Amino acid sequence: MRRNILTRSEYALAAYIVAFVLSVFLYRVFPPEDVRVVTFFPGVITPRLEGEVHYLPREETREEQVEEFIRHLFLGPKEVTHTPLFTHDTRILSLIVTDTTVYLDLSKEAFFSTERLQVSFRQSLEALRKNVFFNFRYIKEMNITIEGQLPYESPFLGDLEKEM
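I will try to describe carefully the structure that is included in this document.

Rules used in this analysis
Within each chain, residues carry numbers counting from 1 in the order of the written sequence. It should be noted that, the model being predicted, local features are given only for residues of pLDDT at least 70 and side-chain atom pairs only at 80 or more, the latter also being counted only at that level, while totals for whole chains, interfaces and linings use all residues. Hydrogens are left out, water is left out, and the side-chain values use all remaining heavy atoms of the structure. Labels follow the DSSP assignment, with helices taken as runs of H or I lasting at least four residues and strands as runs of E lasting at least two, numbered in each case from the N terminus. Note that the radius of gyration is over C-alpha atoms, with the globule rule given as 2.2 Å times the number of residues to the power 0.38. The classification of residues rests on relative accessible area computed with a 1.4 Å probe and restricted to protein chains. Under 20% of the type maximum is buried, over 50% is exposed, and intermediate values are partly exposed. For the accessible areas, the method is Shrake-Rupley and the probe is 1.4 Å, while residue cover comes only from the protein chains on display. The sign given to each residue is positive for Lys and Arg and negative for Asp and Glu; His and the chain ends receive no count. Taken as the charge centre is NZ of Lys, CZ of Arg, CG of Asp or CD of Glu, depending on the residue. Grid spacing is 1 Å over the protein atoms alone, the probe is 1.4 Å, and a cavity is where that probe fits but cannot get out, while a pocket is an open set with protein on both sides within 12 Å along at least five of seven lines and lining residues have an atom within 4 Å of a point. Grid points are joined across faces, edges and corners, and a volume is the space filled by probe spheres set on the points. Each residue receives one of three labels: charged for Asp, Glu, Lys and Arg, nonpolar for Ala, Val, Leu, Ile, Met, Phe, Trp, Tyr, Cys and Pro, and polar for the others, Gly being one of them. Two strands form a pair only when DSSP identifies at least two bridges running between them. Axis definition: a line fitted to C-alpha atoms, limited for helices to the stretch in contact. Angles are taken between N-to-C directions and run from 0 to 180 degrees. Throughout, a contact is declared for two residues whenever any of their heavy atoms are within 4.5 Å. Any Lys or Arg side-chain nitrogen found within 4 Å of a carboxyl oxygen on Asp or Glu counts as a salt bridge. Like charges are joined within 9 Å and nonpolar side chains (Val, Leu, Ile, Met, Phe, Trp, Tyr) within 5 Å, but only among residues with over 30% relative accessible area and no salt bridge; these make up the patches.

### With respect to the overall build of the protein
When you go through the protein residue by residue, the secondary structure sums to 4 helices and 5 strands. Each helix (α) and strand (β) of the protein, taken in turn from the N terminus, gives the series α-β-β-α-β-β-α-β-α. Relative to the compact-globule value of 15 Å for 164 residues, the protein shows a C-alpha radius of gyration of 24 Å, a clear excess of over 25%. Across its three principal directions, the C-alpha atoms of the protein cover 105 × 40 × 20 Å. Counting every position in the protein, which comprises 164 residues, the buried fraction comes to 32%. Accessible surface, the protein as shown: approximately 11,800 Å² in total, 57% of it carbon and sulfur. One finds the centroid of the 19 positive side-chain charges in the protein at a distance of 13 Å from the centroid of its 24 negative side-chain charges.

Printed below as a string of structure tokens:
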């Protein structure tokens with residue numbers, strides 16, 4: 001008479017299923033403290049963007065996540081074969097994240113750089129957009145200003161031109 005005993009392979013399969021369910025549960029209850037992101041920087045030899053993997057602390061809101069990512073991007077690459085996109089003194093003056101749009105206002109150091117960078121300002125802006133769009137898939141549009149002014153646009157004077 002045969003008893004209903006599981007075979008070794010059935011025990012192993014059951015153990016794998018239990019371990020998988022347990023790991024998913026623990027991941028949901030205790031998420032990892034760091035978030036993996038990919039940053040893109042121009043190379044030293046060519047201005048072609050190349051990726052690097054970085055780990056950032058987990059932030060609670062979308063706005064905090066994007067701000068932490070951009071601040072980290074301003075620190076520059078960790079690889080010596082890559083160059084920074086902006087000078088190290090570039091600051092975020094304001095940042096607003098809606099459902100699908102980022103509004104970012106940078107300090108004038110982003111445009112008026114004393115450091116010699118590998119890429120032009122226009123290329124830096126495009127690389128910044130690529131970095132944000134790649135790491136935050138829900139963002140579809142990014143509006144960047146320098147101290148409230150759209151780059152390469154004439155300044156807004158409002159009613160001042162009528163008074164002159």
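Here the narrative resumes.
### Quick word on the layout of surface pockets
A volume near 190 Å³ is recorded for the largest pocket. Residue lining of the largest pocket: V35, R36, V37, L56, P57, R58, E59, Q65, E68, F69, N135 and F136, and that is the complete set. Contributions of two or more residues to the lining of the largest pocket are made by β1 (34-42), β2 (49-57) and α2 (62-75). Residue classes in the lining of the largest pocket are distributed as 6 nonpolar, 2 polar and 4 charged.

### Thoughts on the sheet that holds strand β4 (residues 101-106)
Whenever strands of a sheet pair, they do so through backbone hydrogen bonds, lying parallel or antiparallel. A sheet is described by the order of its strands in space; here 3 strands give the open sequence β3-β4-β5, paired in mixed fashion. Edge strands, defined here as strands with exactly one partner in the open sheet, are β3 (92-97) and β5 (141-146). Strand-to-strand twist of the sheet, defined as the mean angle between neighbouring strand axes without regard to direction, takes the value 10°. Sheet topology note: the β4/β5 ladder contains 6 bridges and is parallel. Each residue of the ladder has a partner; that of T101, found in β5, is E141. Running over the sheet, α2 touches β3, β4 and β5 and is turned about 140° from β3. Against the sheet, helix α3 (residues 121-135) touches β4 and β5, its axis set at about 140° to β5.

### A few points about unusual backbone geometry
Backbone geometry at E147 places phi at a positive 50°, although glycine is not the residue there. Counting through the fold element by element, E147 comes out in the loop between β5 and α4 (160-163).

### Comments concerning the pattern of salt bridges
Inspection of the entire model under this criterion finds 3 salt bridges. For R71, the salt bridge is made with E67, and the minimal N-O distance between the two is 2.4 Å. Within this pair, R71 and its partner E67 are both found in helix α2, separated by 4 residues, close to a single helical turn. Taking the relative accessible area as the measure of exposure, R71 reaches 40% and is therefore partly exposed. The exposure class of E67 is partly exposed, given its relative accessible area of 24%. Here R129 and E126 are joined by a salt bridge, their closest N and O atoms 3.3 Å apart. Of the two residues, R129 and E126 both sit in helix α3, 3 residues apart, roughly one turn of that helix.

### Notes on a nonpolar patch on the surface
Taken together, the side chains of L13, I17, F20, V21 and V24 present a nonpolar region at the surface, about 490 Å² in accessible area. Looking at the secondary structure, you find V24 in helix α1 (residues 8-29). According to the relative accessible area criterion, V24 is partly exposed, its value standing at 39%.

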